[in-house]
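# Structural overview
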Amino acid sequence: MARERIEILVAGALKEQDAALASRRAHLAKKIAMRHRVRMPYEIRQLYCKKCKAFIVPGRTARVRVGRSGTKAVRVTCALCGHTYRKVISKSSHYKDL
Ligand SMILES: [Zn+2]
């Protein structure tokens, strides 16, 4: 139940055009996860900056660079704090299509 709500909120945040609304939804999702002690799925955890905890929308609030062909990782740079980290794209990830 809680996990379902989190997924809906995150999916909505990714589609949200308003950056402020998107981060509000994302933070609400995080709150629900904490309150219900639900572990966020890996795909969702990847959407939060590890440094400033901001919600990252690939291609919008973050710069995404795909590595050499064949690699399954992209470089994500947070637009807020400039923190760069590698994001591994798993085949099971369906959030990148949202
Ligand atoms: Zn950041």
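Please read these numbers as outputs of a predicted model, since none were measured by experiment.

Regarding its fold elements, the protein chain presents three helices and three strands. Going through the 98 residues of the protein chain one by one, you find that 37% of them count as buried. In the protein chain, the proportion of contacts linking residues at least 24 apart, taken out of those at least 6 apart, comes to 44%. With the model as given, the accessible surface of the protein chain reaches about 6,700 Å², and the carbon-plus-sulfur share is 53%.

Here we come to the UniProt feature "binding site: Zn(2+)" (unreviewed entry) in the protein chain. Sites flagged by UniProt as "binding site: Zn(2+)" (unreviewed entry) map to Cys 49, Cys 52, Cys 78 and Cys 81. These annotated residues cover 33 residues of sequence, and their C-alpha atoms all fall within 8.8 Å of one another, placing them together at a single site. Position of Cys 49 relative to the elements: it lies in the loop between helix H3 (42–45) and strand E1 (62–66). Classification of Cys 49 by relative accessible area gives buried; the value is 1%. Those residues in contact with Cys 49, other than ones at most four positions away along the chain, are Ala 54, Ile 56, Cys 78, Cys 81, His 83 and Tyr 85. Inspection of the secondary structure puts Cys 81 in the loop between strand E2 (73–78) and strand E3 (84–88). The class of Cys 81 is partly exposed, set by a relative accessible area of 31%. Discounting chain neighbours no more than four positions away, the residues touching Cys 81 are Cys 49, Lys 51 and Cys 52.

Right, let's get into unusual backbone geometry. As a rule of thumb, non-glycine residues mostly have phi less than zero, and peptide bonds are mostly trans rather than cis. A positive phi angle, near 55°, is found at Arg 37, a position not held by glycine. Examined against the element boundaries, Arg 37 turns out to sit in the loop between helix H2 (19–35) and H3. Phi at Lys 53 is positive, roughly 65°, even though this residue is not glycine. Position of Lys 53 among the secondary structure elements: in the loop between H3 and E1.

Analysis parameters
Residues numbered from 1 in each chain as written. Predicted model: local features only at pLDDT ≥ 70, side-chain atom pairs only at ≥ 80, totals over all residues. Heavy atoms only, no water. Helix = DSSP H or I, 4+ residues; strand = E, 2+ residues; numbered from the N terminus. Buried < 20%, exposed > 50% of the residue type's maximum accessible area, 1.4 Å probe, protein only. Contact = heavy atoms within 4.5 Å. Areas by Shrake-Rupley, 256 points an atom, 1.4 Å probe, with all protein chains shown as cover. UniProt positions renumbered as here; feature names shortened; annotations may be inferred.

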